[in-house]
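# Structural characterization, general
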Amino acid sequence: MLFLRSTLFQVLFYSVTLILMILFSPVMLLPRRWGWWVVPTWSRILQLLMRVFAGIKVEVRGRENLPEGGFIAAMKHQSAWETVSLIPLFSSPTFILKRELRWIPIFGWYTAKFRQIPINRGKRSEALAAMMQAAKQAIAEKRQILIFPEGTRRPAGAEPQYKYGIAHLYRDLKCPVVPIAHNAGLYWPRSSWKVYPGTVIVEILPAIEPGLPSDVFYKRMVADIETASDRLIEEARQEKRPSPVLAEVDALKQAKAG
(Lines give C-alpha, C1' and ligand atoms only; values in the text may rest on other atoms or scores of the structure.)
Protein backbone atom coordinates (compact mmCIF):
# COMPACT_ATOMS: atom_id res chain seq x y z
CA MET A 1 0.00 0.00 0.00
CA LEU A 2 2.85 2.40 0.84
CA PHE A 3 4.47 1.79 -2.53
CA LEU A 4 1.17 2.36 -4.36
CA ARG A 5 0.49 5.59 -2.45
CA SER A 6 4.00 6.79 -3.09
CA THR A 7 3.74 6.00 -6.80
CA LEU A 8 0.43 7.83 -7.09
CA PHE A 9 1.85 10.83 -5.29
CA GLN A 10 5.04 10.94 -7.37
CA VAL A 11 3.08 10.73 -10.63
CA LEU A 12 0.70 13.47 -9.48
CA PHE A 13 3.56 15.64 -8.22
CA TYR A 14 5.26 15.84 -11.60
CA SER A 15 2.18 15.74 -13.82
CA VAL A 16 0.35 18.45 -11.84
CA THR A 17 3.50 20.58 -11.87
CA LEU A 18 3.68 20.30 -15.66
CA ILE A 19 -0.02 21.08 -16.09
CA LEU A 20 0.19 24.12 -13.80
CA MET A 21 3.28 25.47 -15.55
CA ILE A 22 1.44 25.28 -18.87
CA LEU A 23 -1.79 26.78 -17.49
CA PHE A 24 0.07 29.61 -15.76
CA SER A 25 2.37 30.38 -18.70
CA PRO A 26 0.52 33.63 -19.64
CA VAL A 27 2.13 35.24 -16.56
CA MET A 28 5.33 35.27 -18.59
CA LEU A 29 3.87 38.36 -20.27
CA LEU A 30 3.26 40.17 -16.97
CA PRO A 31 5.71 42.06 -14.74
CA ARG A 32 7.36 39.76 -12.21
CA ARG A 33 5.58 41.16 -9.16
CA TRP A 34 2.15 40.73 -10.80
CA GLY A 35 2.78 37.14 -11.77
CA TRP A 36 4.50 35.88 -8.63
CA TRP A 37 1.24 34.57 -7.15
CA VAL A 38 1.49 31.46 -9.34
CA VAL A 39 4.53 30.17 -7.43
CA PRO A 40 3.03 30.02 -3.90
CA THR A 41 -0.18 28.72 -5.50
CA TRP A 42 1.80 25.85 -7.05
CA SER A 43 3.42 25.19 -3.67
CA ARG A 44 0.09 25.05 -1.82
CA ILE A 45 -1.46 22.73 -4.41
CA LEU A 46 1.47 20.33 -4.13
CA GLN A 47 1.29 20.44 -0.34
CA LEU A 48 -2.38 19.50 -0.62
CA LEU A 49 -1.37 16.52 -2.77
CA MET A 50 1.23 15.55 -0.16
CA ARG A 51 -1.36 15.66 2.60
CA VAL A 52 -4.10 13.79 0.73
CA PHE A 53 -2.09 11.17 -1.16
CA ALA A 54 1.10 10.80 0.91
CA GLY A 55 -0.20 11.63 4.38
CA ILE A 56 2.42 14.35 4.95
CA LYS A 57 1.25 17.15 7.24
CA VAL A 58 3.20 20.25 8.23
CA GLU A 59 3.78 22.16 11.45
CA VAL A 60 5.66 25.47 11.24
CA ARG A 61 7.14 27.02 14.38
CA GLY A 62 8.78 30.41 14.82
CA ARG A 63 7.13 32.51 12.13
CA GLU A 64 7.70 35.51 14.40
CA ASN A 65 11.45 35.12 13.76
CA LEU A 66 11.11 36.16 10.11
CA PRO A 67 12.31 39.78 9.73
CA GLU A 68 10.70 42.35 7.51
CA GLY A 69 12.31 43.10 4.16
CA GLY A 70 15.43 41.48 2.77
CA PHE A 71 17.33 38.71 4.51
CA ILE A 72 18.98 35.32 3.89
CA ALA A 73 17.13 32.13 4.83
CA ALA A 74 19.65 29.32 5.46
CA MET A 75 17.71 26.06 5.23
CA LYS A 76 18.53 22.48 6.10
CA HIS A 77 18.54 20.33 2.94
CA GLN A 78 17.31 16.76 3.44
CA SER A 79 14.58 16.35 0.86
CA ALA A 80 12.77 17.67 -2.19
CA TRP A 81 10.08 18.75 0.26
CA GLU A 82 11.71 21.99 1.38
CA THR A 83 12.37 23.14 -2.19
CA VAL A 84 8.59 23.29 -2.65
CA SER A 85 6.86 23.70 0.67
CA LEU A 86 8.70 26.59 2.32
CA ILE A 87 8.06 29.09 -0.48
CA PRO A 88 4.79 30.54 0.92
CA LEU A 89 6.60 31.61 4.11
CA PHE A 90 8.28 34.43 2.19
CA SER A 91 6.88 37.50 0.45
CA SER A 92 9.38 37.75 -2.42
CA PRO A 93 11.91 34.90 -2.32
CA THR A 94 14.71 34.05 -4.70
CA PHE A 95 16.53 30.72 -4.56
CA ILE A 96 20.25 30.34 -5.15
CA LEU A 97 20.20 27.31 -7.43
CA LYS A 98 22.50 25.45 -9.77
CA ARG A 99 22.61 26.89 -13.28
CA GLU A 100 21.57 23.60 -14.91
CA LEU A 101 18.00 24.06 -13.63
CA ARG A 102 17.65 26.96 -16.06
CA TRP A 103 18.00 24.47 -18.89
CA ILE A 104 14.89 22.46 -17.96
CA PRO A 105 12.13 23.21 -20.50
CA ILE A 106 9.33 25.42 -19.13
CA PHE A 107 10.56 25.13 -15.53
CA GLY A 108 13.72 27.00 -16.47
CA TRP A 109 11.63 29.78 -17.99
CA TYR A 110 9.96 30.33 -14.63
CA THR A 111 13.28 30.49 -12.78
CA ALA A 112 14.43 33.17 -15.21
CA LYS A 113 11.12 35.06 -15.14
CA PHE A 114 11.08 35.29 -11.36
CA ARG A 115 14.79 36.07 -11.19
CA GLN A 116 16.08 33.13 -9.22
CA ILE A 117 19.86 33.29 -8.81
CA PRO A 118 21.77 30.67 -10.85
CA ILE A 119 25.28 29.59 -9.93
CA ASN A 120 27.82 27.86 -12.15
CA ARG A 121 29.52 25.33 -9.90
CA GLY A 122 32.18 24.66 -12.52
CA LYS A 123 33.66 28.18 -12.31
CA ARG A 124 33.94 28.90 -8.62
CA SER A 125 35.43 32.41 -8.57
CA GLU A 126 33.31 33.72 -11.44
CA ALA A 127 30.23 32.05 -10.00
CA LEU A 128 30.77 33.62 -6.59
CA ALA A 129 31.16 37.11 -8.08
CA ALA A 130 28.02 36.77 -10.22
CA MET A 131 26.03 35.33 -7.32
CA MET A 132 27.13 38.15 -5.03
CA GLN A 133 26.08 40.81 -7.52
CA ALA A 134 22.64 39.23 -7.98
CA ALA A 135 22.26 38.75 -4.22
CA LYS A 136 23.07 42.41 -3.51
CA GLN A 137 20.39 43.46 -5.96
CA ALA A 138 17.87 41.10 -4.36
CA ILE A 139 18.53 42.47 -0.86
CA ALA A 140 18.30 46.04 -2.18
CA GLU A 141 14.85 45.11 -3.51
CA LYS A 142 13.92 43.72 -0.04
CA ARG A 143 13.69 40.15 -1.33
CA GLN A 144 14.53 37.03 0.66
CA ILE A 145 17.45 34.90 -0.51
CA LEU A 146 16.79 31.20 0.04
CA ILE A 147 19.91 29.06 0.23
CA PHE A 148 20.78 25.49 1.17
CA PRO A 149 24.23 25.95 2.73
CA GLU A 150 25.06 22.25 2.37
CA GLY A 151 24.71 22.59 -1.40
CA THR A 152 23.07 19.20 -1.87
CA ARG A 153 20.60 17.01 0.00
CA ARG A 154 21.97 15.03 2.92
CA PRO A 155 20.20 12.06 4.54
CA ALA A 156 18.43 12.77 7.81
CA GLY A 157 20.94 12.28 10.61
CA ALA A 158 23.98 12.32 8.31
CA GLU A 159 27.17 14.20 9.11
CA PRO A 160 26.60 17.79 7.88
CA GLN A 161 28.70 19.19 5.05
CA TYR A 162 28.10 22.94 5.01
CA LYS A 163 29.83 25.06 2.38
CA TYR A 164 31.52 28.29 3.43
CA GLY A 165 29.98 30.44 0.68
CA ILE A 166 27.13 31.57 2.92
CA ALA A 167 29.67 33.21 5.24
CA HIS A 168 30.79 35.37 2.31
CA LEU A 169 27.17 36.33 1.63
CA TYR A 170 26.63 37.19 5.29
CA ARG A 171 29.78 39.33 5.38
CA ASP A 172 29.18 41.22 2.15
CA LEU A 173 25.39 41.65 2.21
CA LYS A 174 25.29 42.81 5.84
CA CYS A 175 21.77 41.49 6.37
CA PRO A 176 20.20 39.06 8.86
CA VAL A 177 20.50 35.32 8.29
CA VAL A 178 17.56 33.19 9.46
CA PRO A 179 18.48 29.53 10.11
CA ILE A 180 15.67 27.09 9.32
CA ALA A 181 15.63 23.50 10.59
CA HIS A 182 13.23 20.68 9.77
CA ASN A 183 12.90 16.90 9.67
CA ALA A 184 11.45 16.42 6.15
CA GLY A 185 14.06 13.79 5.31
CA LEU A 186 12.20 11.35 7.55
CA TYR A 187 9.12 11.51 5.33
CA TRP A 188 10.40 12.21 1.82
CA PRO A 189 13.98 10.87 1.85
CA ARG A 190 16.40 11.94 -0.82
CA SER A 191 16.80 9.56 -3.78
CA SER A 192 13.79 7.57 -2.64
CA TRP A 193 10.60 6.76 -4.51
CA LYS A 194 8.78 6.10 -1.25
CA VAL A 195 7.21 8.84 0.85
CA TYR A 196 6.08 8.15 4.40
CA PRO A 197 3.12 9.61 6.27
CA GLY A 198 3.78 11.87 9.23
CA THR A 199 4.18 15.49 10.28
CA VAL A 200 7.10 17.51 8.95
CA ILE A 201 8.11 20.00 11.64
CA VAL A 202 9.75 23.23 10.48
CA GLU A 203 11.47 25.47 13.01
CA ILE A 204 12.36 29.03 12.04
CA LEU A 205 15.16 29.99 14.41
CA PRO A 206 16.07 33.48 15.66
CA ALA A 207 17.87 35.57 13.08
CA ILE A 208 21.63 36.00 13.25
CA GLU A 209 22.11 39.74 12.92
CA PRO A 210 24.90 41.17 10.74
CA GLY A 211 28.23 42.20 12.19
CA LEU A 212 29.74 38.95 13.49
CA PRO A 213 33.14 37.75 12.21
CA SER A 214 32.60 35.28 9.37
CA ASP A 215 33.98 32.29 11.28
CA VAL A 216 31.85 33.05 14.34
CA PHE A 217 28.75 33.42 12.17
CA TYR A 218 29.45 30.19 10.29
CA LYS A 219 29.93 28.09 13.44
CA ARG A 220 26.81 29.55 15.05
CA MET A 221 24.66 28.97 11.96
CA VAL A 222 25.76 25.34 11.63
CA ALA A 223 25.25 24.71 15.34
CA ASP A 224 21.80 26.35 15.33
CA ILE A 225 20.52 24.38 12.32
CA GLU A 226 22.04 21.04 13.31
CA THR A 227 20.99 21.20 16.96
CA ALA A 228 17.40 22.03 16.03
CA SER A 229 17.24 19.48 13.18
CA ASP A 230 18.55 16.70 15.45
CA ARG A 231 15.99 17.65 18.08
CA LEU A 232 13.16 17.55 15.53
CA ILE A 233 14.28 14.11 14.38
CA GLU A 234 14.12 12.88 17.96
CA GLU A 235 10.71 14.49 18.41
CA ALA A 236 9.45 12.51 15.39
CA ARG A 237 9.97 9.30 17.38
CA GLN A 238 6.94 10.27 19.46
CA GLU A 239 4.51 9.88 16.55
CA LYS A 240 2.02 7.01 16.74
CA ARG A 241 3.66 5.48 13.66
CA PRO A 242 7.26 6.74 13.56
CA SER A 243 8.93 6.94 10.17
CA PRO A 244 10.92 3.83 9.16
CA VAL A 245 13.72 6.20 8.13
CA LEU A 246 14.56 6.57 11.82
CA ALA A 247 16.22 3.15 11.62
CA GLU A 248 18.61 4.60 9.01
CA VAL A 249 19.24 7.61 11.24
CA ASP A 250 20.19 5.26 14.08
CA ALA A 251 22.52 3.31 11.77
CA LEU A 252 24.28 6.55 10.77
CA LYS A 253 24.71 7.49 14.43
CA GLN A 254 26.22 4.10 15.22
CA ALA A 255 28.61 4.42 12.28
CA LYS A 256 29.70 7.90 13.44
CA ALA A 257 30.21 6.58 16.98
CA GLY A 258 32.61 4.01 15.55
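Note that the structure is a prediction, hence the values are computed from the model and not measured. (Residues numbered from 1 in each chain as written. Predicted model: local features only at pLDDT ≥ 70, side-chain atom pairs only at ≥ 80, totals over all residues. Heavy atoms only, no water.)

## What about the pattern of salt bridges?
Selection criterion: Any carboxyl oxygen of Asp or Glu within 4 Å of a side-chain nitrogen of Lys or Arg constitutes a salt bridge here. For every residue, the accessible area (1.4 Å probe, protein chains only) is compared with the maximum for its type, and the residue is labelled buried under 20%, exposed over 50%, or partly exposed between those bounds.
As enumerated under the stated definition, the model contains 11 salt bridges in all. Two residues, Glu59 and Arg61, come together in a salt bridge whose shortest N-O distance is 2.8 Å. For Arg61, a relative accessible area of 23% puts it in the partly exposed group. Residues Arg171 and Asp172 are paired through a salt bridge, measuring 2.8 Å at the closest nitrogen-oxygen approach. Accessibility expressed as a relative area gives 41% for Arg171, which makes it partly exposed. Taking the relative accessible area as the measure of exposure, Asp172 reaches 29% and is therefore partly exposed. In this structure, a network of salt bridges that share partners links the residues Glu234, Arg237, Asp250 and Lys253.

## Points about the nonpolar core
Threshold: In this text, buried Ala, Val, Leu, Ile, Met, Phe, Trp, Tyr and Cys residues form a nonpolar core when linked through side-chain atoms within 4.5 Å. The way it works is that DSSP assigns letters per residue, a run of H or I at least four long becomes a helix, a run of E at least two long becomes a strand, and they are numbered from the N terminus. In what follows, a contact means two residues having at least one pair of non-hydrogen atoms within 4.5 Å.
Ranked by size, the top nonpolar core spans 52 residues in total, and within it Trp81, Phe90, Ile180 and Leu186 carry the most contacts. Broken down by element, the residue count for this core peaks at 7 residues, all from helix α3 (residues 38-54). Contact partners of Trp81, with chain neighbours within four places excluded, come to Met50, Ile56, Val58, Leu86, Ala184, Trp188, Val200 and Val202. Listed in part, the 24 residues of the second largest apolar core include Ile96, Ile117, Ala135 and Ile208.

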